[in-house]
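# Per-entry structural report
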There are 2 protein chains.
Amino acid sequence: MPNVTPDPQAVREVLDKARAEGRTGLTAPEGKRICDAYGIATPGEGLATSAEEAAALAAEIGLPVVLKIVSPDILHKTEAGGVLVGLATPEAVREGYAQIMAAAGAYNADAAIDGVQVQQMIGGGHEVIIGAVTDPTFGKVVAFGLGGVLVEVIKDVTFRLAPLSGDEATGMLDDIKAAEVLKGARGAAPADRAALAAMIERVGALVSDFPEITEVDLNPVFATAEGAIAADVRILLAAGPVVEPVRLPRDQILASMNRIFKPRSVAVIGASGETGKIGNSVMRNLINGGYRGHIYPINPKAPEILGLPAYPGIADVPGDVDVAVFAIPAKFVAAALEEAGRKGVAGAIMIPSGFAETGNVEGQQEIVEIARRHGVRMLGPNIYGYYYTPENLCATFCTPYDVKGSVALTSQSGGIGMAILGFSRTTKMGVSAIVGVGNKADVDEDDLLTFFEQDDNTRCVAMHLEDLKDGRGFVDAVRRVVKTKPVIVLKAGRTAMGARAAGSHTGALAGDDKVYDDILRQAGVVRAAGLNDMLEYARSLPLMPTPQGENVVIITGAGGSGVLLSDACVDNGLTLMEIPPDLDEAFRAYIPPFGAAGNPIDITGGEPPSTYENTVRLGLSDPRIHALVLGYWHTIVTPPMVFAELIARVVADERAKGNTKPVVASLAGDTEVEEACEYLFDHGVVAYPYTTEKPVAVLGAKYRWARAAGLLSG
Amino acid sequence: MPNVTPDPQAVREVLDKARAEGRTGLTAPEGKRICDAYGIATPGEGLATSAEEAAALAAEIGLPVVLKIVSPDILHKTEAGGVLVGLATPEAVREGYAQIMAAAGAYNADAAIDGVQVQQMIGGGHEVIIGAVTDPTFGKVVAFGLGGVLVEVIKDVTFRLAPLSGDEATGMLDDIKAAEVLKGARGAAPADRAALAAMIERVGALVSDFPEITEVDLNPVFATAEGAIAADVRILLAAGPVVEPVRLPRDQILASMNRIFKPRSVAVIGASGETGKIGNSVMRNLINGGYRGHIYPINPKAPEILGLPAYPGIADVPGDVDVAVFAIPAKFVAAALEEAGRKGVAGAIMIPSGFAETGNVEGQQEIVEIARRHGVRMLGPNIYGYYYTPENLCATFCTPYDVKGSVALTSQSGGIGMAILGFSRTTKMGVSAIVGVGNKADVDEDDLLTFFEQDDNTRCVAMHLEDLKDGRGFVDAVRRVVKTKPVIVLKAGRTAMGARAAGSHTGALAGDDKVYDDILRQAGVVRAAGLNDMLEYARSLPLMPTPQGENVVIITGAGGSGVLLSDACVDNGLTLMEIPPDLDEAFRAYIPPFGAAGNPIDITGGEPPSTYENTVRLGLSDPRIHALVLGYWHTIVTPPMVFAELIARVVADERAKGNTKPVVASLAGDTEVEEACEYLFDHGVVAYPYTTEKPVAVLGAKYRWARAAGLLSG
């Protein structure tokens, strides 16, 4: 591919002209001019204003040709009878010209006609579609798919944020189900991948450079072994001005977030001594949770609440206040927030509901403006509060619990927040933070990610979200965080295809969830399919060391579990190691002659603890193995707790020797296996009873992150 | 489509000739003759043995034509340069003839050449593939897919047992991902569905009528609006004799199974008084389980075991013996089985391992023959035994547990059997039977299904299996059972594609699991993706009444759960009812003004118990609604146990009034929701904490069964 320097000036001229004329669609010649300016190959062509001119142009370009009407008033050319293909002689071109002009006149007598486009007729090779849309969440997004049935019926298409690198564009070619086709499956010539990737990259650059371009549709693009040519170009423009979201600088976000998560003092506006009130729950949870900063109850009617001196207003508090937690009805919020703003709080934790979620959009807008005016960052409204365990800061109406750990969880919904709390408590999941984001009127996931990225108390982030205020800001934040910490996302509303006005093929293909899925995956997010997956990933990922490579080995006492664990490995994109002969021999030395080495390694039922110990130790110590999946079968010879204690001991031993590998276990047996799993979890080994899927799914999630973070590239 | 009466005699002649010549492949003219005999349309054609004859034939058939070499020694015609297409003039046909003969001679000088086939050149319309293979598990299976990339790269293909009805064949057209294409998506003419279905049906009839036909490959078939023509026909034959599996008559199976599951007496061969021995565990479990028939311990060395008189051999037992449980080492089994056979036992429960699973295939064959000679049905070997709760018959080395119920579970693996037991105990799942089938040397799933079908104590069957001895027998049994009882199957080894010698396109497409999946689904099986799914389906399906229609309604206290529950409904193929205006109004009357009716019905958080009660009661009583999915959010106003008790009460009330609908619930909250879920399960309402997926997945499983059983057709 020739390196092309874009000519933005040429594009600017075309766009300015179209917008000056109030058009949102470009003509074919305009589209071609833009493609030329960005090095996007299109067929040879020219504009003819007479039949003779058309025939002359055709002779110059080379026969056969295609004729197409050119009119700013006719967008659907085929419908208007404005397209003729395969004209192979000068006479046919002349006659075609006349025919098209007649049809166009019949279709729309008032249409302004610029002439007829004479175009090189191309075809052969692979038919693909390359396009770009303006997604409401992510902004400019490029799309790639194979043309025809594959993209239109099978919806085999892939999306990326624009702009994108050549490598990312090449990745798109491999990210469709029918990827093999372009590589020359079924005896066809392989497509010129470099040419296709370059075209995708250039479309990405074009829409990024010119935000007023809302959609680009190159469909079809013919890709042969020698190159790629866009046979049809469709470009749509925004009717109005283009607004970019405002983003605060990272330093400024961090300054606020640090004061919010590590406050020296918290005021509770609406603090109450009366049980059953939210202002009472928050007070009790702050005190009982063990928060060591100043707690200032604000209540105009009580001199003291739960033993602490109360103040009529936040202005009356003697010292500085970092955080104000609001536990008052919505109608009193604005005035209190104004006062808190004047007091200089960094954060307003807005528990009250009764704002946008009940239709009170103006009320919400009002408090956003107050907060912004005072430089106050606001969490919520309509949330259960927030909890940051390293500071024992339980500023929520849900009771605190005492397992500190390294996972930060956020949720957009209160119900999901309560599920997070219940699950955490019952599974003893170690948590650094639980944060409700609610209506996200101000603070959103980007801000929280920015804090968690640099928070040494957090090693993993799990987020439930229903939408993103600024998808691009979210992706930027995620990309930074995932380098060192997994980010798990449960995106609700997966299957609800957003109603979308489809102005082009690409637009019609960009169903909300496919765009989310591709872009979140590219950003390195570990996406959870459901609530329980998110919770289990959050619980298990921090317990697993990062794998150093793709070789997974299954060691099982039950052949039946081995088969199911293998299924689960394939389902979760894990690689069952091909065991080298020397290692196979080493395993065989420990197992009965009728046991099966290979992978799964079936040590057979009824074996003593030593067989589990020897094989697991070998698996942990051999550097060619990168992760272990254990299948335990309850027997009298090796009861569940014996298994649990020995595995915990062996794993700890080997970790002490530097053999840190993820180990997950599936326990099949009578109810004692539940206690054994609990013991294993307590000792840092992920273990589940009555399921072969879950332990492998969490290992798969760890691998997805490790790959995205580039930790497995070696 | 014309009705065609097959001409088996014509096929028989072709096959006999080919087999007499020791061939396993048919020539193109032979293939065409067979197609003609079964009404499978192929292009007009004839065999030419000279260039002149070829030109004359071409003129008769109509130009253009295709020429193909005909030789029993050249199967890969294209490779041999033996195919020319698009010959449009008599001269081209003459030259083509000469060219093909020269190429064939160069490819294989020794090949016997019958001549050159002159064939009508067809094309246009849709390119599809229709074929048949002989599957090792299911026997004759037909395949259908769209040609080209879709079938070869995307693997968009569907399978059915042969023979099949016209309706089943039509169903195949709709069962591929690209089904819309045949209906005329993208402006193409729709294909003649009747012609395609008829061709599939006829291929199914052909391979069923002639078991020695192992593979048929019609590829491509061109399907237009006017009909379907198979452009290329490839038929392969079995080299050796064709053996069909032996099946016992249903009465005979039932007679044995009834004696085995409801025995008047059980002998334990290898009974022991010594703790830790299997023969001791089995004795204790029979006695402690409460079995009321005679128990005869067999042990040559003890006069009495656990208080019961023991006998040196089974021959010494005074009365009749229905079942002999074997708890002795493998090497003593054959002699003891011989003795048990002479005693006239109906069943031998073969716990011992040490047979085929450790490589002792001969030993296993020996005991199978002994059992068969005596008409003894044998369960195992290599199993944990069996348990039938209605008879308190715990003939296993796992301890009995006391929740009788209506689910029968079977497993091929001991580990999975132990997981079934532990899960059953901890979740208090009501069980009718737990059966190990182990090596399946004799009794297999078909026999057990035949028993469970007519067993009034069993209302649902769940089976873990790794393979099927006789897939067709299994399908027959399943089809009978699912009419009244769900059959849940966990098929392990899903992702291990069996190594298969691919003699045709269709053969190459028939990956084990796709065939299993399509055929099990068609049989009406509810397939579980993993172990935990199987267990949860088994636990929950019997608790749910059968839905009377497809209208599912979500009622939720947490908007966030509502979105996730909607996602789960779509994932599980459930239909979210479009609420009619009058019903919408009726719901709105019970919920706050800012709550959302529609579906999900969001009653909003913080509502009192009465809001849950009113809306759930309305959902249960309105006959247009067929199933409810509840989303609970833990609040002080409606705590978990208050919710649980009220839902249990309302559901019971409404069921008493005849409003029997499935109700499932997802509870989001602090740990008290676990107790609430337990309470709900105890009261017949399926409820799970911390997950929005599981309750919907089990409802989806119930629907899958109800649809398969034809209970939702109205």
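Residues numbered from 1 in each chain as written. Chains lettered and ligands numbered in written order. Predicted model: local features only at pLDDT ≥ 70, side-chain atom pairs only at ≥ 80, totals over all residues. Heavy atoms only, no water.

Quick look at the overall build of chain A now. Of regular secondary structure, chain A possesses 24 helices and 30 strands. Along the first, second and third principal axes, the C-alpha atoms of chain A reach 95 × 80 × 35 Å. Among the 714 residues that make up chain A, the fraction classed as buried is 58%. Within chain A, counting contacts between residues at least 6 apart in sequence, those at least 24 apart form 71% of the total. Counting every atom, chain A has about 26100 Å² of accessible surface; 52% of that belongs to carbon and sulfur. (Helix = DSSP H or I, 4+ residues; strand = E, 2+ residues; numbered from the N terminus. Buried < 20%, exposed > 50% of the residue type's maximum accessible area, 1.4 Å probe, protein only. Contact = heavy atoms within 4.5 Å. Areas by Shrake-Rupley, 256 points an atom, 1.4 Å probe, with all protein chains shown as cover.)

You can overlay chain A on chain B at an RMSD of 0.2 Å; the transform is a turn of 180 degrees with a shift of 0.1 Å along its axis. What we have between these two chains is a two-fold relation. Using C-alpha coordinates, one finds that chain A approaches the rotation axis most closely at Leu150(A), a distance of 3.8 Å. Here 100% of the interface residues in chain A have copies in chain B that are interface residues too; the copies meet face to matching face. (Least-squares fit on C-alpha atoms with pLDDT ≥ 70 in both.)

Okay, the packing of helix H1 (residues 8-20) of chain B against helix H2 (residues 28-37) of chain B next. Residues and elements named next belong to chain B. One way to put it is that H1 packs onto H2 with a least axis distance of 8 Å and a crossing angle of 155 degrees. With respect to their mutual orientation, H1 and H2 come out roughly antiparallel. In this structure, the crossing between H1 and H2 has a hand that is left-handed. In this structure, H1 uses Ala 10, Val 11, Val 14, Leu 15 and Lys 17 to contact H2, whose residues at the interface are Glu 30, Arg 33, Ile 34 and Ala 37. Along the lines of polarity and charge, the residues of the contact of H1 with H2 split into six nonpolar, no polar and three charged. (Axes fitted to C-alpha atoms, helices over the stretch in contact; angles between N-to-C directions. Parallel < 35°, antiparallel > 145°, perpendicular 65-115°, else oblique. Left-handed = near helix turned anticlockwise from the far one by under 90°. Nonpolar A, V, L, I, M, F, W, Y, C, P; charged D, E, K, R; others polar.)

A few words now on the interface of chain A and chain B. Tallying the contact residues gives 65 residues for chain A and 65 residues for chain B. Both sides of the chain A and chain B interface together cover about 4800 Å² of buried area, and 65% of this is carbon and sulfur. Across the contact surface, chain A and chain B share two salt bridges. Across the pair Asp670(B) and Arg425(A) runs a salt bridge whose closest N-O atoms are separated by 2.7 Å. Contributing elements (two or more residues each) for the side of chain A that touches chain B: helix H5 (149-152), helix H7 (179-182), helix H13 (414-427), strand S23 (487-491), helix H18 (531-540) and helix H19 (559-571) of chain A. (Buried area = accessible area lost by both parts, 1.4 Å probe. Salt bridge = Lys/Arg side-chain N within 4 Å of Asp/Glu carboxyl O.)

What the rule picks out here adds up to 90 salt bridges over all chains. Each member of the salt-bridge network shares a partner with another, and the members are Glu613(A), Arg617(A), Arg649(A), Asp653(A), Glu654(A) and Lys657(A).

Our next topic: the sheet that holds strand S20 (residues 404-411) of chain B. Residues and elements named next belong to chain B. Spatially, S19-S18-S21-S20-S22-S23-S24 is the arrangement adopted by the seven strands of the open sheet, whose pairing is mixed. The open sheet terminates on both sides in strands that have one partner only, identified here as strand S19 (393-396) and strand S24 (526-527). In this sheet, S24 lies alongside strand S23 (residues 487-491) in parallel orientation, the contact comprising two bridges. Residue pairing for S24: Val 489 is matched across the bridge by Arg 527. Docked against the sheet, helix H18 (residues 531-540) engages S20, strand S22 (460-465), S23 and S24, running at close to 170 degrees with respect to S23. (Pairing = 2+ DSSP bridges.)

Two residues of an α-helix separated by three or four positions point the same way, owing to the 3.6 residues in each turn. Residue and element names in this part refer to chain B. An ideal rise of 1.5 Å per residue puts 26 Å on 18 residues; helix H4 (residues 90-107) measures up with 26 Å between its terminal C-alpha atoms. Looking only at H4, the buried set comprises Val 93, Gly 96, Tyr 97, Ile 100 and Ala 104. For H4, the angular spread of buried residues about the axis comes to 110 degrees, placing them on one side. Among the exposed residues of H4, those oriented more than 90 degrees off its buried face are Glu 95, Ala 102 and Ala 106. (Expected span 1.5 Å × (residues − 1). Arc of directions from axis to C-beta.)

Residue and element names in this part refer to chain A. For strand S12 (residues 294-298), the buried fraction is high: four of the five residues fall into the buried class. As paired elements, strand S11 (residues 265-269) and S12 share five bridges and run parallel to each other. Residue pairing in the sheet places Ala 267 in a bridge with Tyr 296 of S12. After leaving S11, the chain enters helix H10 (residues 278-289) and then returns to the sheet as S12, a path that is right-handed. (Right-handed = clockwise from strand over helix to strand, strands pointing away.)

With that settled, consider the packing of aromatic side chains. To describe a pair of aromatic rings, you give the distance between the ring centres and the angle between the ring planes. What the rule picks out here adds up to 28 aromatic pairs over all chains. Centroid distance Tyr690(A) to Phe423(B): 5.9 Å. Interplanar angle 85 degrees. Geometry classified as edge-to-face. Of this pair, Tyr690(A) sits in the loop between strand S30 (686-689) and helix H24 (693-708) while Phe423(B) sits in helix H13 (residues 414-427), which puts the two residues in different chains. On the accessibility criterion, Tyr690(A) (4% relative accessible area) is buried. You can call Phe423(B) buried: its relative accessible area is 3%. Centre to centre, the rings of Phe261(B) and Phe451(B) are 4.3 Å apart; their planes meet at 5 degrees, and the pair counts as stacked. With Phe261(B) in helix H9 (residues 250-261) and Phe451(B) in helix H14 (residues 445-453), this residue pair connects regions lying 190 residues apart in the sequence. The same class applies to Phe261(B) as to Phe451(B), namely buried. What links up through ring pairs into an aromatic cluster is the set Phe261(A), Tyr386(A), Tyr388(A), Phe451(A) and Phe452(A). For the cation-ring pair, Arg539(B) lies above Phe681(B), with the distance from its terminal atom to the ring centre recorded as 3.6 Å. (Phe/Tyr/Trp six-rings, centres within 6.5 Å; stacked < 30°, edge-to-face > 60°. Lys NZ or Arg CZ within 6 Å of the ring centre and 35° of its normal.)

All names here are of chain A. Here strand S15 (residues 323-326) shows two buried faces, one formed by Val 323 and Val 325 and the other by Ala 324 and Phe 326. When S11 meets S15, the two strands line up parallel, connected through four bridges. Looking across to S15, one finds that Val 268 is bridged to Val 325. Here S15 runs beside strand S16 (residues 347-350); their pairing, made up of four bridges, is parallel. Looking across to S16, one finds that Phe 326 is bridged to Met 350. Handedness of the crossover joining S15 and S16 through helix H11 (residues 330-343): right-handed.

To continue, consider the side chain of His464(A). Among the structural elements, His464(A) can be located in strand S22 (residues 460-465). Judged by its relative accessible area of 0%, His464(A) falls in the buried class. A distance of 3.1 Å separates a polar atom in the side chain of His464(A) from the backbone nitrogen of Gln412(A). In contact with His464(A), other than residues within four places in its own chain, are Thr410(A), Ser411(A), Gln412(A), Ser413(A), Ile416(A), Glu445(A), Leu490(A), Ala492(A), Met534(A) and Leu564(B). (Polar contact = N/O pair within 3.5 Å; in protein donor to acceptor, adjacent residues only side chain to side chain.)

All names here are of chain B. One open sheet holds the five strands; their spatial order is S12-S11-S15-S16-S17, and the pairing between them is parallel. This sheet does not close on itself; its edge strands, each paired only once, are strand S12 (294-298) and strand S17 (377-379). Across the sheet, the axes of successive neighbouring strands diverge by a mean angle of 20 degrees, strand direction being ignored. Helix-sheet contacts for helix H10 (residues 278-289) involve strand S11 (265-269), S12 and strand S15 (323-326), and the interaxial angle to S11 is about 160 degrees.

Moving on to helix H6 (residues 166-174) of chain A. All names here are of chain A. Looking at H6, one finds that the buried residues are Ala 169, Met 172 and Leu 173. Mapping the buried residues of H6 onto a view down its axis gives an arc of 105 degrees, with all of them on the same face. Of the surrounding secondary structure, the elements contacted by the buried residues of H6 are strand S6 (139-146), strand S7 (157-161), H7 and helix H8 (193-209).

The subject of this paragraph is the environment of Ala334(B). Residues and elements named next belong to chain B. Looking at where Ala 334 falls in the secondary structure, it is placed in helix H11 (residues 333-343). Taking the C-alpha atoms as reference points, Ala 334 and Val 526, separated by 192 residues in sequence, lie 39 Å from one another. With sequence-adjacent residues up to four places away left out, Ala 334 is seen in contact with Glu 366, Ile 367 and Ile 370.

This paragraph deals with the confidence of the model for chain A. All names here are of chain A. Taken over all residues, the pLDDT of chain A has a mean of 92, while the share at 70 or more is 97%. Ignoring residues within four places in sequence, the model shows residues 496-502, a span with pLDDT below 50, making 13 contacts including any to other chains. On the interface metric, ipTM, the complex scores 0.90, and its pTM is 0.91. (pLDDT = per-residue confidence, 0-100.)

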